[in-house]
Amino acid sequence: EYDKGLWGVIGAPEEQSSIGETEAVLKISLFASVVVSAHQRDGFDYVDLGFYHQGRSDLPRSYGGLSGSGLWQASITRSDSGSVSWTGEARLEGVAFYQKFTDENEGVIRCHGRMSIYEQALRRLAQAG
């Protein structure tokens, strides 16, 4: 399922935003990518979105400020003629929390996956009720 649809995080990187004493102007962006890895460890699931910066001055140098941003999966289809269309469905699949560079131009945005966020939410609801 990680190889299906379009994946992305929606958030406001700090370096593209302006935060002053009396106001904050946040530049919200969708950073669409592919899932380069998904794994589980210690009861949590992790989803890594890849990024590649070489020749992309429009991308932020750092994704700091995206922590807590939603990881979304949008369903898309390809027709027999090759055109791609969005089915109108998008699902919250996780929450971004970390970036890691693998070299100076590329790396991953790590997200907690669906299992982590929904199980934690259900556990907290059960404790509160």
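Preceding block: the structure.
Only a predicted model underlies this, so the values are computations on that prediction, with no experimental measurement involved. (Residues numbered from 1 in each chain as written. Predicted model: local features only at pLDDT ≥ 70, side-chain atom pairs only at ≥ 80, totals over all residues. Heavy atoms only, no water.)

Engineer: Honestly, the layout of surface pockets in this entry has me stumped. Any pointers?
Structural biologist: Empty space among the atoms becomes visible once a probe the size of a water molecule is rolled across them. What the largest pocket holds in volume is close to 180 Å³. In terms of lining, the largest pocket is formed by 13 residues, of which the most central are Ala32, Gly50, Phe51, Leu59 and Tyr63. Contributing elements (two or more residues each) for the lining of the largest pocket: strand S4 (29-33) and strand S6 (44-52). Residue classes in the lining of the largest pocket are distributed as 10 nonpolar, 2 polar and 1 charged. (1 Å grid on protein atoms, 1.4 Å probe; cavity = no way out; pocket = protein on both sides within 12 Å on 5 of 7 lines; lining within 4 Å. Points joined across faces, edges and corners; volume = space filled by probe spheres on them. Helix = DSSP H or I, 4+ residues; strand = E, 2+ residues; numbered from the N terminus. Nonpolar A, V, L, I, M, F, W, Y, C, P; charged D, E, K, R; others polar.)

Engineer: Just checking my understanding: could you explain the pattern of salt bridges for this structure?
Structural biologist: Oppositely charged side chains can form a pair if their charged atoms are brought close together. If you walk through the whole model with that rule in mind, you get 6 salt bridges. Notably, a salt bridge pairs arginine 56 with aspartate 58, separated by 2.8 Å at the nearest N-O pair. For aspartate 58, a relative accessible area of 48% translates into the label partly exposed. Close ionic contact of arginine 91 with glutamate 93 constitutes a salt bridge, the shortest N to O distance being 2.9 Å. The exposure class of arginine 91 is partly exposed, given its relative accessible area of 31%. (Salt bridge = Lys/Arg side-chain N within 4 Å of Asp/Glu carboxyl O. Buried < 20%, exposed > 50% of the residue type's maximum accessible area, 1.4 Å probe, protein only.)

Engineer: Sorry if this is basic, but what is going on with the sheet that holds strand S8 (residues 84-101) here?
Structural biologist: By way of backbone hydrogen bonds, the strands of a sheet pair with one another, either parallel or antiparallel. Taken in spatial order, the 7 strands of this open sheet run S4-S1-S7-S8-S9-S6-S5, and their pairing is antiparallel. Here the strands that pair on one side only, and so sit at the sheet edges, are S4 and strand S5 (35-41). The sheet shows a mean angle of 35° between the axes of neighbouring strands, taken without regard to direction. Sheet analysis places strand S1 (residues 6-11) next to strand S7 (residues 70-78), joined by 5 bridges and oriented antiparallel. Across the sheet, the residue bridging to leucine 6 is alanine 74, located in S7. (Pairing = 2+ DSSP bridges. Axes fitted to C-alpha atoms, helices over the stretch in contact; angles between N-to-C directions.)

Engineer: I would appreciate a short explanation of the environment of threonine 22 in the present structure.
Structural biologist: In this structure, threonine 22 sits in the loop between strand S2 (18-19) and strand S3 (24-25). By relative accessible area, which is 80% here, threonine 22 ends up exposed. As for threonine 22 and serine 33, which are separated by 11 residues in sequence, their C-alpha atoms are 34 Å apart.

Engineer: Please clarify how the side chain of asparagine 105 should be interpreted in this entry.
Structural biologist: Note that asparagine 105 resides in the loop between S8 and strand S9 (106-113). Within the structure, asparagine 105 has its side chain in polar contact with the side chain of glutamine 54 (distance 3.4 Å). With residues near it in sequence (within four places) discarded, asparagine 105 still touches Phe51, Tyr52, His53 and Gln54. (Polar contact = N/O pair within 3.5 Å; in protein donor to acceptor, adjacent residues only side chain to side chain. Contact = heavy atoms within 4.5 Å.)

So yeah, pure geometry; function would need other evidence.
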